[in-house]
Amino acid sequence: EDKVVQSPLSLVVHEGDTVTLNCSYEVTNFRSLLWYKQEKKAPTFLFMLTSSGIEKKSGRLSSILDKKELSSILNITATQTGDSAIYLCAVVQSQGAQKLVFGQGTRLTINP
Amino acid sequence: DARVTQTPRHKVTEMGQEVTMRCQPILGHNTVFWYRQTMMQGLELLAYFRNRAPLDDSGMPKDRFSAEMPDATLATLKIQPSEPRDSAVYFCASGLVRDGAATTDTQYFGPGTRLTVL
């Protein structure tokens with residue numbers, strides 16, 4: 001059965017800390033891995049990763065894929081209260097129809 | 001500013017009633033997805049369409065749920081009869097696939113419909 005597992009499920013840190021969120025997957029016909037941020041509404045897209053070892057960066061956020069280990073990490077440096085959200089990892093299978101398998105999410109809380 | 005729209009944003013109904021949720025995908029997108037999100041199960045894919053044809057609805061309880069795309073600008077998800085366990089946030093997302101390959105794997109999510117069945 002295809003599955004995506006995220007860890008930790010919940011994380012509470014202080015503003016300014018650096019956090020690392022993990023995503024591991026077991027899916028057939030892996031095509032790409034996506035990270036989404038979900039606040040009180042719909043998930044918003046952060047990164048798409050297809051190649052192993054190539055880091056994607058956007059401001060204080062960065063992510064990298066390790067195809068050998070079937071995993072990805074999402075790093076957030078110098079965290080701010082606005083980073084508080086659920087971070088979702090999803091894997092796309094190469095069926096040509098963008099079918100996503102989602103992890104259960106990591107709930108990140110940044111305290112001032 | 002292209003975005004996916006969903007109506008209604010909130011729906012409270014009684015058990016046994018019919019519920020219809022609507023989604024307008026981003027203009028030009030040809031794939032539409034319906035997801036359900038609960039605290040216990042997270043995000044689950046219910047059904048998806050490409051070029052208005054259903055490709056997979058294996059995640060959907062067939063006895064009470066139905067999904068359709070009457071035209072390229074409207075997707076509907078219907079529950080009849082509704083049950084308390086259907087209470088969840090239902091998201092619609094859209095994307096673009098050309099020539100059998102996704103131009104981007106990114107899906108764009110609507111704001112969701114929060115359904116409460118009493």
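In this report, the structure presented in the accompanying data block is examined. (Residues numbered from 1 in each chain as written. Chains lettered and ligands numbered in written order. Predicted model: local features only at pLDDT ≥ 70, side-chain atom pairs only at ≥ 80, totals over all residues. Heavy atoms only, no water.)

**A short note on the overall build of chain A**
A count of helices and strands for chain A gives zero helices and 11 strands. Mapped from its N terminus to its C terminus, chain A presents α and β elements in the order β-β-β-β-β-β-β-β-β-β-β. Over its C-alpha atoms chain A spans a radius of gyration of 14 Å, differing by no more than 12% from the 13 Å that the globule rule assigns to 112 residues. The buried share among the 112 residues of chain A stands at 45%. If you take every contact in chain A between residues at least 6 apart in sequence, the share linking residues at least 24 apart comes to 55%. About 5,400 Å² of surface is accessible on chain A, with carbon and sulfur atoms providing 49% of the total. (Helix = DSSP H or I, 4+ residues; strand = E, 2+ residues; numbered from the N terminus. Rg over C-alpha atoms; globule rule 2.2 N^0.38 Å. Buried < 20%, exposed > 50% of the residue type's maximum accessible area, 1.4 Å probe, protein only. Contact = heavy atoms within 4.5 Å. Areas by Shrake-Rupley, 256 points an atom, 1.4 Å probe, with all protein chains shown as cover.)

**Considering the layout of surface pockets**
Approximately 780 Å³ is the volume found for the largest pocket. Taken together, 29 residues line the largest pocket, and the ones lying closest to its centre are A:Q38, A:I86, A:R107, B:Q37 and B:M39. Counting residues per element, the ones that place at least two in the lining of the largest pocket are β9 (85-93) and β11 (106-111) of chain A together with β4 (31-38), β9 (88-95) and β13 (113-117) of chain B. Looking at the lining of the largest pocket residue by residue, the classes come out as 10 nonpolar, 13 polar and six charged. Taken as a whole, the second largest pocket holds about 420 Å³ of empty space. Of the residues forming the lining of the second largest pocket, the biggest block, five residues, is contributed by strand β5 (residues 42-50) of chain B. Of the residues contributing to the lining of the second largest pocket, the split by class is eight nonpolar, six polar and six charged. (1 Å grid on protein atoms, 1.4 Å probe; cavity = no way out; pocket = protein on both sides within 12 Å on 5 of 7 lines; lining within 4 Å. Points joined across faces, edges and corners; volume = space filled by probe spheres on them. Nonpolar A, V, L, I, M, F, W, Y, C, P; charged D, E, K, R; others polar.)

**Structural notes on the pattern of salt bridges**
Inspection of the entire model under this criterion finds seven salt bridges over all chains. Ionic pairing is found between A:D83 and A:R60, a salt bridge with its closest N-O pair at 2.8 Å. Here the residue A:D83 occupies a position in the loop between β8 (71-76) and β9, and A:R60 occupies one in the loop between β6 (56-58) and β7 (61-66), the gap between them amounting to 23 residues. Residue classification places A:D83 among the buried residues on the basis of a relative accessible area of 5%. You can call A:R60 partly exposed: its relative accessible area is 24%. Where B:E83 meets B:R85, a salt bridge forms, and the shortest distance between an N and an O atom there is 2.5 Å. (Salt bridge = Lys/Arg side-chain N within 4 Å of Asp/Glu carboxyl O.)

**Digging into the sheet that holds strand β3 (residues 19-24) of chain B**
Residue and element names in this part refer to chain B. If you walk across this open sheet you meet the four strands as β1-β3-β8-β7, and the pairing is antiparallel. Because the sheet does not close on itself, it has two edges, and the strands there are β1 (5-7) and β7 (65-71). Ignoring which end each strand starts from, the neighbouring axes of this sheet average 20° apart. By the bridge criterion, five bridges tie β3 to strand β8 (residues 74-79) in an arrangement that is antiparallel. Each bridged residue has a counterpart across the sheet, and for M21 the counterpart in β8 is L77. (Pairing = 2+ DSSP bridges. Axes fitted to C-alpha atoms, helices over the stretch in contact; angles between N-to-C directions.)

**A short note on the packing of aromatic side chains**
Evaluation of the coordinates by the stated rule reveals 10 aromatic pairs over all chains. Ring geometry for A:Y36 against B:F109: centres 5.5 Å apart, planes inclined by 80°, an arrangement best described as edge-to-face. Highlighted residues: A:Y36 in strand β4 (residues 30-38) and B:F109 in strand β12 (residues 108-109), drawn from two different chains. Owing to a relative accessible area of 0%, A:Y36 belongs among the buried residues under this scheme. (Phe/Tyr/Trp six-rings, centres within 6.5 Å; stacked < 30°, edge-to-face > 60°.)

**Side note on the sheet that holds strand β3 (residues 19-26) of chain A**
Within a sheet, neighbouring strands are paired by backbone hydrogen bonds and run either parallel or antiparallel to one another. Residues and elements named next belong to chain A. Read from one edge to the other, the open sheet built from five strands follows the order β1-β3-β8-β7-β6, with strand pairing classed as antiparallel. Here the strands that pair on one side only, and so sit at the sheet edges, are β1 (3-7) and β6. Across the sheet, the mean angle separating the axes of adjacent strands is 15° when strand polarity is ignored. Pairing of β1 with β3, which is carried by five bridges, proceeds in the antiparallel orientation. From the neighbouring strand, S7 faces β3, where its bridge partner is N22.

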